[in-house]
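Now for the letters of each chain:
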Amino acid sequence: MEESKKYKRTVKQTFAKKKKNKRGHGSGSGSGSGLLGVKVRKLQILIPGGKRCNHPDLLLSKTVDYIVHLKLKIRFLKALSDMYSL
């Protein structure tokens, strides 16, 4: 029973820290996450539908799908170009 209380307290403290870190930029230790946030926002702009992705894993998955889509488009256009150039 006591371990359950400790666990709940630890979870509450962890969430409180995360909320605190989201409000401010932190005191130097979070400077890397600021740069990462900028890169994520830039990626959200580049990827179609990226602005709707709130979770980084979903954004990364959409990025991979978009890269595959672009590669297929290039192959198709090259084949089309080869077909019409005699």
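Residues numbered from 1 in each chain as written. Predicted model: local features only at pLDDT ≥ 70, side-chain atom pairs only at ≥ 80, totals over all residues. Heavy atoms only, no water.

On a plain count of helices and strands, the protein chain comes out with three helices and zero strands. Within the span of the protein chain, comprising 86 residues, buried residues form 7% of the whole. Roughly 8300 Å² of accessible area belongs to the protein chain as shown, and the carbon and sulfur atoms make up 61% of that amount. (Helix = DSSP H or I, 4+ residues; strand = E, 2+ residues; numbered from the N terminus. Buried < 20%, exposed > 50% of the residue type's maximum accessible area, 1.4 Å probe, protein only. Areas by Shrake-Rupley, 256 points an atom, 1.4 Å probe, with all protein chains shown as cover.)

Right, let's get into the environment of Ile-67. Along the polypeptide, Ile-67 turns up in helix α3 (residues 56-84). Residue Ile-67 is classed as partly exposed on the basis of its relative accessible area of 42%. For the pair Ile-67 and Ile-47, spaced 20 residues apart in sequence, the C-alpha separation works out to 9.3 Å.

Detailed reading of the predicted model is not advised wherever pLDDT is low. When pLDDT is averaged along the protein chain, the result is 79; 69% of the residues meet or exceed 70. When mean pLDDT is compared element by element in the protein chain, α3 scores highest at 95, while helix α1 (residues 2-23) scores lowest at 63. (pLDDT = per-residue confidence, 0-100.)

So, on to the side chain of Gln-44. By secondary structure assignment, the location of Gln-44 is in helix α2 (residues 31-46). In contact with Gln-44, other than residues within four places in its own chain, are Gly-50, Lys-51, Cys-53 and Leu-59. (Contact = heavy atoms within 4.5 Å.)

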